[in-house]
Amino acid sequence: MRVLITGATGLIGSKISRLCREKGIQVHYLSTSKEKLENKPDYKGFYWNPDENEIDSKAIEGVDAIINLVGASVAERWTPEQKEKILKSRTETANLLYTCLQENEHQVKNLVSASAIGIYPSSLEKLYTEEAQGVDDSFIGEVVVKWEEAVDNFTDLGIEVAKIRIGLVLAENGGMLQKLKEPVNFNVGSPLGNGKQWQSWIHIDDISGIFMFAVENKLTGVYNAVAPNPVTNKELVNEVASQLGKPVWLPNVPKVALKLVLGEMSHLVLSSQLVSSDKIEQEGYSFKYVNLSKALEDLI
């Protein structure tokens, strides 16, 4: 089997690439950096430049499935330029890949794409399954809708599509955990806003495991990628502090202060999504990390 991965050198992509190779699955990957292109029997890089509609069509040769992870970070201040970059890095890349498949012979049968639970409206009470119809009235909600629409277009080419709505990814290096650990390490960690907002988290091993599971089992449709036991922001901060052996003694950071410092991006830390993992579990995926304490124990 051979897969093509976009975003292969990122936090999740590098882990998935390693898993594929361990399982004997050959990896092709697309990169905007010619310096990052490798040429090994089981790991080959191909250049693309979505800004210029440029892509090496050899990337799709012999490929059975595509894992789509490309996308600019949402954790940088949302200036108009950054917003445009966040959106285009998800939609224009998908459109370029679509055109490449449309214009060249290929054997791709499945596309498994990243998405985000940020599509669900912020709520302290509602439990979201994949069938939920509402869309969050925010920039992130808008991005996810357009992202998923771009990915859905691949069905026109006879390709089965799975969309993996990713929660808060916890990883040893990088990602949200790094940002949580820094203030806690300096004894200035505290819950954000009222601390009651739900944070549907997932361990890096499980998010990469779900993508592999989706590819190997040819899943289609929407799947939430969150651990079975979400926590509140207050519980998350307290658990991180506990694992680091640090106190949490400061009062909550007020919403108004967060909006002042982060601007519109404060929505990322103040919104609340209580998300169900039932669907992927019913398909047969077994989580490695079900509880936050065990996940943090492994990572910290």
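Since we're looking at a predicted model, the values are computed, not measured. Residue positions are given per chain, counting from 1 as you read along its sequence in written order. Selection of residues for local features in this predicted model requires a pLDDT of at least 70, selection of side-chain atom pairs for listing and counting requires 80 or more, and totals for whole chains, interfaces and linings are taken over all residues. With hydrogens and water stripped out, all remaining heavy atoms of the structure feed into the side-chain values.

**Digging into the overall build of the protein chain**
Rules: Numbering goes from the N terminus for both helices and strands, where a helix is a DSSP run of H or I of at least four residues and a strand is a run of E of at least two. Computation of the radius of gyration draws on C-alpha atoms alone. For the globule rule, the value is 2.2 Å times the number of residues to the power 0.38. When checking whether two residues touch, look at their non-hydrogen atoms; a contact exists if any pair is within 4.5 Å. Under the convention used here, a 1.4 Å probe and the Shrake-Rupley method define accessible areas, while residue burial counts only the protein chains that appear. We count Lys and Arg on the positive side and Asp and Glu on the negative side, and we leave His and both chain ends out. A charged residue contributes its charge at one atom only: NZ of Lys, CZ of Arg, CG of Asp or CD of Glu.
Scanning the protein chain from terminus to terminus reveals 10 helices and 15 strands. Relative to its length of 300 residues, the protein chain is compact, with a C-alpha radius of gyration of 19 Å against a globular reference of 19 Å. The principal-axis extents of the C-alpha atoms in the protein chain amount to approximately 60 × 40 × 40 Å. Look at the contacts in the protein chain between residues 6 or more apart in sequence, and 77% of them connect residues 24 or more apart. In the structure as shown, the protein chain presents an accessible area of about 13,900 Å², 47% of it carried by carbon and sulfur atoms. Both charge centroids of the protein chain, one from 31 positive and one from 40 negative side chains, sit 4 Å from each other.

**What about the environment of Gln-243?**
Selection rule: Summary of the burial criterion: residues with accessible area below 20% of their type's maximum are buried, those above 50% are exposed, and those between are partly exposed, where the area comes from a 1.4 Å probe applied to protein chains only. Polar contacts here mean pairs of N or O atoms no more than 3.5 Å apart (in protein, one a potential hydrogen donor and the other a potential acceptor; neighbouring residues in sequence count only if both atoms are side-chain atoms).
On the secondary structure map, Gln-243 appears in helix H6 (residues 233–244). The exposure class assigned to Gln-243 is partly exposed, which follows from its relative accessible area of 25%. The residues contacting Gln-243, other than those within four sequence positions of it, are Ser-293, Leu-296, Glu-297 and Ile-300. Separated by 3.0 Å, the side chain of Gln-243 and the backbone oxygen of Ser-293 make a polar contact.

**Observations concerning the packing of H6 against helix H10 (residues 292–299)**
Here is the rule: Note on geometry: axes are C-alpha line fits, over the in-contact stretch for helices, and angles between N-to-C directions span 0 to 180 degrees. When an angle is under 35 degrees it counts as roughly parallel; over 145 it counts as roughly antiparallel; between 65 and 115 it counts as roughly perpendicular; any other value is oblique. Take the far helix as the reference: if the near one is turned anticlockwise from it by less than a right angle, the crossing is left-handed, and if turned clockwise, right-handed. Gly counts as polar in this scheme, as do all residues outside two lists: the nonpolar Ala, Val, Leu, Ile, Met, Phe, Trp, Tyr, Cys and Pro, and the charged Asp, Glu, Lys and Arg.
Contact pair H6 / H10: the axes reach a minimum separation of 10 Å and the direction vectors enclose 40 degrees. In this view, H6 runs oblique relative to H10, as classed from their interaxial angle. Classified by chirality, the crossing of H10 by H6 is right-handed. Residues Glu-235, Leu-236, Glu-239, Val-240 and Gln-243 of H6 form the contact with H10, whose own contacting residues are Leu-292, Ser-293, Leu-296 and Glu-297. Looking at the contact of H6 with H10 residue by residue, the classes come out as four nonpolar, two polar and three charged.

**Some thoughts on helix H3 (residues 139–152)**
Spelled out, the test is: The span expected for a helix works out to 1.5 Å for each residue beyond the first.
Look at H3: 20 Å from first C-alpha to last across 14 residues, which is about the 20 Å you get at 1.5 Å a residue. Residues of H3 that are buried include every one of Phe-139, Ile-140, Gly-141, Val-143, Val-144, Trp-147, Glu-148, Ala-150 and Val-151, and no others. Looking at the buried side of H3, the elements it contacts are strand E6 (65–68), helix H2 (80–103), strand E7 (110–116), strand E9 (160–166) and helix H8 (267–270).

**Focus on the pairing of strand E4 (residues 43–49)**
Spelled out, the test is: DSSP calls a pair of strands paired once it identifies at least 2 bridges connecting them.
Most of E4 is tucked away, with six of its seven residues classed as buried. With five bridges connecting them, strand E2 (residues 26–31) and E4 associate as parallel partners. Bridge assignment links Leu-30 to a residue of E4, and that residue is Phe-46. The pairing of strand E3 (residues 39–40) with E4 spans two bridges and is classified as antiparallel.

**Let's talk about the packing of aromatic side chains**
The criterion, for reference: Centres within 6.5 Å make a pair out of two Phe, Tyr or Trp rings, where for Trp the six-membered ring is used; the pair is then stacked when the planes are under 30 degrees apart, edge-to-face when over 60, and tilted otherwise.
The full count for this structure, using the stated rule, is six aromatic pairs. Ring geometry for Tyr-98 against Phe-154: centres 5.6 Å apart, planes inclined by 85 degrees, an arrangement best described as edge-to-face. On the criterion of sequence distance, the pair formed by Tyr-98 in helix H2 and Phe-154 in the loop between H3 and E9 is long-range, its members being 56 residues apart. Judged by relative accessible area, which is 16%, Tyr-98 ranks as buried. The exposure class assigned to Phe-154 is buried, which follows from its relative accessible area of 1%. Seen in terms of ring centroids, Tyr-285 and Phe-287 are 5.2 Å apart; in terms of plane orientation they differ by 85 degrees. Their pairing is edge-to-face. Comparing Tyr-285 with Phe-287 shows no difference in burial state: the two are buried.

**Structural notes on unusual backbone geometry**
At Asn-53, a residue that is not glycine, the phi angle is positive and equals roughly 55 degrees. Position of Asn-53 relative to the elements: it lies in the loop between E4 and strand E5 (54–55). Under the relative-accessibility criterion, Asn-53 is labelled exposed at 61%. Even without being a glycine, Lys-218 presents a positive backbone phi close to 50 degrees. The residue Lys-218 is located in the loop between helix H5 (204–216) and strand E13 (221–225) in this model. For Lys-218, a relative accessible area of 52% gives the class exposed.

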